[in-house]
Amino acid sequence: MGPKRDCCCSRFFKRILFSDEAHFWLNGYVNKQNCRIWSEANPQVYVETPLHPEKLTVWCALWAGGILLQKR
């Protein structure tokens, strides 16, 4: 390996970015795909929910330079 490749490989980790996004409903709704709740109560109870409830979306990314955060 030449000196140029050594330089790029040693800084490669600084170019990696991990990101994720989550939605939080303000009416207390819990996304059952991402969260399991165990309860002794009847799980077949029908609860009406609004068509488009208010929610907060949060996006976050981690990289060698720090944390990036955005709220929508």
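Residues numbered from 1 in each chain as written. Predicted model: local features only at pLDDT ≥ 70, side-chain atom pairs only at ≥ 80, totals over all residues. Heavy atoms only, no water.

For the protein chain, the name recorded in an unreviewed UniProt entry is Putative transposable element, with Trichonephila clavipes as its organism.

1. Some words on the overall build of the protein chain
Which entries qualify depends on this criterion: Only DSSP runs of H or I covering at least 4 residues are called helices, and only runs of E covering at least 2 are called strands; the numbering of each starts at the N terminus. Between buried and exposed lies partly exposed: a residue is buried under 20% and exposed over 50% of the maximum accessible area for its type, with that area taken using a 1.4 Å probe on protein chains only. Contacts are residue-level and defined by heavy atoms, with any inter-residue pair within 4.5 Å sufficient.
Scanning the protein chain from terminus to terminus reveals one helix and three strands. Reading the helices (α) and strands (β) of the protein chain from amino to carboxyl end gives α-β-β-β. Burial statistics for the protein chain: of 72 residues in total, 4% are counted as buried. Sequence-distant contacts in the protein chain: of pairs separated by 6 or more residues, those separated by 24 or more amount to 67%.

2. Points about the environment of Glu54
Relative to the elements of secondary structure, Glu54 occurs in the loop between strand S1 (17–25) and strand S2 (55–63). In sequence terms Glu54 and Asn27 are 27 residues apart; their C-alpha atoms lie 7.1 Å from each other. Sequence-distant contacts of Glu54, defined by excluding residues within four places in its chain, comprise Trp25, Leu26 and Asn27.

3. Let's talk about a nonpolar patch on the surface
Selection rule: Here a patch means residues that are over 30% exposed by relative accessible area and free of salt bridges, tied together within 9 Å if like-charged and within 5 Å if nonpolar (Val, Leu, Ile, Met, Phe, Trp, Tyr). In short, Shrake-Rupley with a 1.4 Å probe defines the accessible areas, and a residue's cover is counted only from the protein chains shown. Take a side-chain nitrogen of Lys or Arg and a carboxyl oxygen of Asp or Glu: if they are within 4 Å of each other, that pair is a salt bridge.
A grouping of Phe12, Phe13, Ile16, Phe18, Leu62, Ile67 and Leu69 is seen on the molecular surface, where their side chains present a nonpolar patch of about 770 Å² in accessible area. Structurally, the position occupied by Leu69 is in strand S3 (residues 66–71). Its relative accessible area of 59% is what places Leu69 among the exposed residues.

4. A look at the pairing of S3
So the rule is basically this: When DSSP finds two or more bridges between a pair of strands, those strands are recorded as paired.
Within S3, only zero of the six residues are buried, which leaves it mostly out in the open. Connecting S2 to the next strand, S3, in antiparallel fashion are two residues.

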